[in-house]
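A structural walkthrough
Residue strings, one per chain:
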Amino acid sequence: MGGNGKHRWRISIFRSSSSSSSSKLEKDPPKEFVCPISGSLMSDPVVVSLGQTFERTSAQVCRDLGFAPAMPDGSKPDFSAVIPNLALKSTILKWCKSSGTEPPQAPDYSSVESKIRTTMANLRKEEDDSKIKVSERELLKAVAEKPPVLYSHATTELNHRANHFYSSSSEESVIANVTATPLLPFATRPMCYSSSSSTSTSSDIAGDETLPLSPNSTSEDDQFVVKLKSPDVFEQEQGLIALRKLTRTNEEARIPLCTPRLLAALRPLLTSKYAAVQTNAVAALVNLSLEKPNKVKVVRSGIVPPLIDVLKGGSPESQEHAAGAIFSLALEDDNKTAIGVLGALEPLMHLLRSESERMRQDSALALYHLSLVQSNRAKLVKLGAVPALLSLASSRGLGGRVVLVLCNLATCAEGKSAMLDANAVQILVGVLRSEVASESTRENCVAALHSLSQGSLRFKGLAAAARAAEVLREVEERGSERAREKAKRILVAMSGRESAAPEAVDWEALLEGGDSRTTQYRVGRNACGANSTEF
């Protein structure tokens, strides 16, 4: 923590890998389970506004002392409001049980306070030392820029180096490498990426001007960071336009440019009151988020909360790009829970009724990928999303993607109950009867009905009332292979003919022969098999 770099500050949203072997459990807890401040296994993890997770006691001590440790990207966490990270807490307890480790106990307040006070004292000392080092560097720099005449003359006498200190070869090499590359087909790109913007700033992006890079630049993001942090709004806008254009046309530049420094400079501009600044900032973020290695870095930088603010109250074009950015970030499994916890679900649901086609499509796809996680499915049900989604299921253009979200909700108990209560069976059957529904939408409707039919005593009556049998028979005859298989299973369940139904019991023989047959009959055995989530 601080200058020695022993601790790294990051979001502690942990997702177990399905490919990891349970036989290779580590004795040491994963880094995501350890509080960056106390250094111990977290017993009550909480999330702060920027998305990082800490032990509750550590957050409380930092708040009481008014201490906000500097993060690698230059930002400082705000401990004024915290949210319990129940998903991580449950994962930690499961890890303790599986590894034979004692469940963690809350750290003592005084011991954490002592550690933080020591850290604060060390940071003050490092700041004092750094002031001296900065003065030395400035002195050496001044000597290098204006060397004495005698040394300069001697240098040119021995080995002529014309314009050594002001050579533009570095600038030329950088510009030569920034070449436009043709866009590759990428099915999971947001709709807002593929088309040009509609505001006046779009003409600027279509131009030939790019941000010149200094020959003394120590990293690729330096010049952009300087522009984005400028107090001059015009400088900010020009820097964003150049960043947006470069990351849109040069795919290779996205990963090296996506640094903590650049993301920290970009974050406050997402909520700028100047529409052009806000629009170009969010659009540049969409471009950066397209690369898989950048997705987790973007979320861990604290970008999601201001993005959600844009979804709620940004300019129309900024909202389009923000929906696309959330969709792009939600493609990464490690981001799904964090995005849901930070509050993106409700504004995404609201944008499903937007006038913008691109905004509706990207919002629906974002909800689909976020609802692949159980915690987000439960949140959507609590938000009352099921009736709203069902009302949009038959809409032209958007209905197919809405049905995908409903398929995910139908796989959990809360979602299934809410859908049955909201007359989902009749609505989905109505979509199947529609002549304008695509083949994929029809297939997903059958998948949702199949999930609703599993283990539900209410489904049979609701399906009969909706006259689902005749539609499902038609699907069984002329639908796709997967649709035919699921329609057949639903029809079997509706007719009461279970494929693995228990045999009839001869009670008289059973009473006479004792309990010799009890092993062949179990009351309440589920013969329907595991619930399928394929769609």
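Going along each chain's sequence as written, the residues are numbered from 1 onward. Two thresholds apply to this predicted model, a pLDDT of at least 70 for residue-level local features and 80 or more for giving and counting side-chain atom pairs, whereas whole-chain, interface and lining totals are computed over all residues. Each side-chain value is worked out from all heavy atoms of the structure, with water and hydrogens disregarded.

The way it works is that DSSP assigns letters per residue, a run of H or I at least four long becomes a helix, a run of E at least two long becomes a strand, and they are numbered from the N terminus. A count of helical and extended segments in the chain gives 28 helices and 3 strands. Two residues form a contact once any of their heavy atoms are found within 4.5 Å. The long-range share in the chain, meaning contacts at least 24 apart out of those at least 6 apart in sequence, stands at 70%. All accessible-area figures derive from a Shrake-Rupley calculation using a 1.4 Å probe, and residue coverage is judged against the displayed protein chains alone. A total accessible area of about 28,400 Å² is found for the chain, and carbon and sulfur atoms account for 52% of it.

On to the packing of aromatic side chains, then. Two aromatic rings from Phe, Tyr or Trp, using only the six-membered ring of Trp, form a pair when their centres are within 6.5 Å; if the ring planes differ by under 30 degrees the pair is stacked, by over 60 it is edge-to-face, and anything between is tilted. Overall, the coordinates contain 2 aromatic pairs when judged by the stated rule. Relative to Trp95, the ring of Phe33 has its centre 6.1 Å away and its plane inclined at 70°; by these criteria the two rings are edge-to-face. Placement of Phe33 in the segment before β1 (45-47) and of Trp95 in helix α2 (residues 86-99) is noted, with a sequence separation of 62 residues between them. Residue classification places Trp95 among the buried residues on the basis of a relative accessible area of 10%. Each residue gets one of three labels from its accessible area relative to the maximum for its type: buried under 20%, exposed over 50%, partly exposed in between, using a 1.4 Å probe on protein chains only.

This paragraph deals with the environment of Leu472. Note that Leu472 resides in helix α26 (residues 468-478). In this structure, the C-alpha to C-alpha distance between Leu472 and Lys486, residues 14 residues apart in sequence, is 9.2 Å. Ignoring anything within four residues of it in the chain, the contact list for Leu472 reads Leu432, Ala487, Ile490, Leu491 and Met494.

Another aspect to go through is helix α19 (residues 374-382). Residues of α19 that are buried: Asn376, Arg377, Ala378, Leu380 and Val381. At the C-terminal side of α19, Gly384 shows a positive phi close to 75°.

When pLDDT is averaged across the chain, the result is 75; 69% of the residues are at 70 or more. Scored between 0 and 100, pLDDT is the confidence that the predictor attaches to each residue. The low-confidence segment residues 1-26, where pLDDT is below 50, has 50 contacts with residues more than four positions distant or belonging to other chains. Note on residues 498-504: pLDDT under 50 across the span, and 14 contacts to partners over four residues away in sequence or across chains.

A separate point is the packing of helix α21 (residues 399-409) against helix α24 (residues 439-453). Each pair of packed helices gets described by two things: the angle between the helix axes and the distance between those axes. Interaxial angles span 0 to 180 degrees and are taken between N-to-C directions of axes, which are lines fitted to C-alpha atoms, for helices over the stretch in contact. At a minimum axis separation of 9 Å, α21 and α24 run at an interaxial angle of 20°. The orientation of α21 relative to α24 falls into the category roughly parallel. When the axes of α21 and α24 are compared, the crossing they make is left-handed. Only Thr441, Asn444, Cys445, Ala447 and Ala448 of α24 make contact with α21, whose side of the interface consists of Gly400, Val403, Leu404 and Cys407. Residues were grouped as follows: Ala, Val, Leu, Ile, Met, Phe, Trp, Tyr, Cys and Pro as nonpolar; Asp, Glu, Lys and Arg as charged; and all remaining residues, including Gly, as polar. Classifying every residue of the contact of α21 with α24 gives 6 nonpolar, 3 polar and no charged. Here the angle decides the label: under 35 degrees means roughly parallel, over 145 means roughly antiparallel, 65 to 115 means roughly perpendicular, and every other value means oblique. Put simply, a crossing is left-handed when the front helix is turned counterclockwise from the back one by less than a right angle, and right-handed when it is turned clockwise.

Here the focus is the pattern of salt bridges. In the sections that follow, a salt bridge refers to a side-chain nitrogen of Lys or Arg positioned within 4 Å of a carboxyl oxygen of Asp or Glu. For the structure on display, the rule yields 14 salt bridges. The closest approach of N and O atoms between Asp222 and Arg261, which form a salt bridge, is 3.0 Å. One end of the pair, Asp222, is in helix α8 (residues 222-228); the other, Arg261, is in helix α11 (residues 260-266), and 39 residues separate them in sequence. Judged by relative accessible area, which is 12%, Asp222 ranks as buried. Residue classification places Arg261 among the partly exposed positions, given a relative accessible area of 37%.

Grouping buried Ala, Val, Leu, Ile, Met, Phe, Trp, Tyr and Cys residues that are joined through side-chain atoms within 4.5 Å yields what is termed a nonpolar core. The biggest cluster of nonpolar side chains holds 98 residues, and the ones touching the most others in it are Leu307, Leu389, Met419, Val425 and Leu452. Residues in contact with Leu307, not counting those within four places in the same chain, are Val282, Leu285, Ala322, Ala325, Ile326 and Leu329. Within the second largest apolar cluster, 21 residues are counted, among which are Val46, Phe54, Phe79 and Leu123.

Read across the open sheet, the 3 strands follow the order β2-β1-β3; overall the sheet is antiparallel. At either margin of the open sheet sits one strand with a lone partner, and together these are β2 (53-55) and β3 (83-84). Two elements, β1 and β3, share 2 bridges in a ladder whose sense is antiparallel. Following the sheet pairing, Val46 is matched in β3 by Pro84. Most of the contacts of helix α1 (residues 56-65) go to β2, to which it runs at about 90°, and overall it touches β1, β2 and β3. Note on pairing: two strands pair once DSSP finds at least 2 bridges between them.

Turning to the environment of His350, a few remarks are in order. Position of His350 among the secondary structure elements: in helix α17 (residues 345-351). Looking at His350, the relative accessible area reads 62%, which means it is exposed. Here the alpha-carbon distance between His350 and Lys312, two residues 38 residues apart in the chain, equals 8.8 Å.

The N-to-C vectors of helix α23 (residues 424-433) and α26 enclose an angle of 45°; their axes lie 10 Å apart at closest approach. By the angle class used here, α23 and α26 are oblique. The interaxial crossing formed by α23 with α26 has left-handed handedness. In contact with Val429, Leu432 and Arg433 of α23, α26 contributes Ala468, Glu470, Val471 and Leu472. When grouped by side-chain class, the residues that make up the contact of α23 with α26 number 5 nonpolar, no polar and 2 charged.

Quick look at α1 now. Within the span of α1, buried status applies to Thr57, Ser58, Ala59, Val61 and Cys62. Positioned one or two residues after α1, Gly66 has a phi angle of 65°, which is positive.

Positive phi is not limited to glycine here, since Asn423 has a value of about 65°. By the secondary structure assignment, Asn423 is in the loop between α22 (413-421) and α23. You can call Asn423 partly exposed: its relative accessible area is 35%. Positive phi values are uncommon outside glycine, yet Arg467 reaches one of about 55°. Here Arg467 lies in the loop between α25 (459-465) and α26.

Moving on: the environment of Cys96. Topologically, Cys96 is positioned in helix α2. Given the relative accessible area of 2%, Cys96 is considered buried. Put simply, Cys96 and Leu41 are 55 residues apart on the chain and 9.9 Å apart in space, counted from C-alpha to C-alpha. Excluding residues that lie within four positions of it along the chain, Cys96 makes contacts with Leu41, Thr101, Glu102, Pro103 and Pro104.

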